[in-house]
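Next come the chains, spelled out residue by residue.
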Amino acid sequence: MTTPLALDVQGLARRYGGRWALSGVSFSLEAGQALALVGRNGSGKSTLLRLLAAALRVHAGEARVCGADLRRDADTVRRRTALLSHAAYTWEALSARENLVFTSRLLGQDRPRERAAQRLEQVGLAARGDDPVSSFSAGMRKRLALARTLLQEAPLVMLDEPYGALDPPGFRLIDGIIRAVRVEGRSVVMATHQVERAAALCDRGLVLEQGRVAWQGPAAELPLKSGLLRGSEEGA
């Protein structure tokens, strides 16, 4: 029996003006697996995630995301993916709880307050749930953005630099959430500079260089490819 694919990407490309940010990117990911996406700053990691979430228009190539055609059925792709991006995109004047309740209602979910409480607990913000987001540190904002991403309950979860702005307990939180999402049978794509952590958490690894696939294979082999990433910093 053939395992269904969460991602089937063939020759995906995106340009900004005359510059190709991604070119000829091809890979696949089985449903329930996790992919570590690594590369230097500016290698195209964030662009690739935004394309796969149908947040950017594809200029060449094809992809199927959780069975939906990326170019022909973008609305379905958006419903089947949840993207944690660099920006928090939170409502500053509202509390953390109000942010999540409002998002849950936008998603048409039942029991929005209960769902919000569950996600606040999951990311370690239960004690600060009624505080305005404007009072939050960068790390707390990242936790809230993660809670909102998880609130979508999408079959494909994509995390762009999830460890950024977090302290060591936050790192462990991310590790635990990735494991929990996988236990639920969902798929994960994580763009990160934390190569060793990604190698321990993921099944597959993919290295981007200047918008092209430089290597792909078992995630356990990623640390052996770390020379490709020497000198990189947090960012995409």
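Engineer: Would you mind going over helix α6 (residues 168-183) with me for this structure?
Structural biologist: Each α-helix winds once per 3.6 residues, and so residues spaced three or four apart point in a common direction. In this model α6 runs 23 Å from its N-terminal to its C-terminal C-alpha over 16 residues, within 8% of the 22 Å that 1.5 Å per residue would give. On its buried face, α6 is in contact with α4 (112-122), α5 (138-151), β7 (156-160), β8 (187-191) and α7 (195-201).

Engineer: Hey, could you run me through the pattern of salt bridges in this one?
Structural biologist: Two side chains carrying opposite charge are able to pair once their charged atoms lie near each other. Under the counting rule described, the total for this entry stands at 17 salt bridges. The closest approach of N and O atoms between Asp69 and Arg72, which form a salt bridge, is 3.0 Å. Judged by relative accessible area, Asp69 falls into the buried class, the value being 15%. The exposed category is assigned to Arg72, whose relative accessible area is 65%. As a salt-bridge pair, Arg197 and Asp175 come within 2.4 Å of each other at their nearest N and O atoms.

Engineer: Could you clarify how one ought to interpret the packing of α4 against α5 in this entry?
Structural biologist: Between two packed helices, what matters for the description is the angle formed by their axes and the separation of those axes. It is at 9 Å that the axes of α4 and α5 come closest, and there the two elements cross at 130 degrees. When the axis of α4 is compared with that of α5, the two are oblique. The crossing of α4 and α5 is right-handed. Contacts from Arg115, Ala116, Arg119 and Gln122 of α4 reach α5 at Ala147, Leu150 and Leu151.

Engineer: For this particular structure, what's the right way to read the state of the cysteines?
Structural biologist: Working definition: the covalent bond between the sulfur atoms of two cysteines is a disulfide. Applying the stated criterion to the full structure yields zero disulfides. The thiol of Cys66 is not disulfide-bonded; the next cysteine sulfur, from Cys202, is found 16 Å away. Classification of Cys202 as buried rests on a relative accessible area of 9%.

About the criteria used
Going along each chain's sequence as written, the residues are numbered from 1 onward. Thresholds applied to this predicted model are a pLDDT of at least 70 for local features of residues and 80 or more for the giving and counting of side-chain atom pairs; totals over whole chains, interfaces and linings are not thresholded and use all residues. Remark: hydrogens and water are excluded; side-chain values derive from all non-hydrogen atoms of the structure. We count a stretch as a helix when DSSP gives it H or I for four or more residues in a row; a strand needs E for two or more, and each element gets its number in order from the N terminus. A helix is expected to reach a length of 1.5 Å times the quantity of its residues less one. Contact criterion: two residues are considered in contact whenever any of their non-hydrogen atoms come within 4.5 Å of each other. Salt bridge, as used here: a side-chain nitrogen of Lys or Arg that lies within 4 Å of a carboxyl oxygen of Asp or Glu. Each residue gets one of three labels from its accessible area relative to the maximum for its type: buried under 20%, exposed over 50%, partly exposed in between, using a 1.4 Å probe on protein chains only. Here the axes come from fitting lines to C-alpha atoms, over the contacting stretch only for helices, and the angles between their N-to-C directions go from 0 to 180 degrees. Orientation is classified from the angle alone, with under 35 degrees giving roughly parallel, over 145 giving roughly antiparallel, 65 to 115 giving roughly perpendicular, and any other angle giving oblique. Note: crossing handedness is left-handed where the near helix turns anticlockwise from the far helix by less than a right angle, and right-handed where it turns clockwise. Any pair of cysteine sulfurs within 2.5 Å is marked as a disulfide.

Interpretation in functional terms is not warranted from these geometric data alone.
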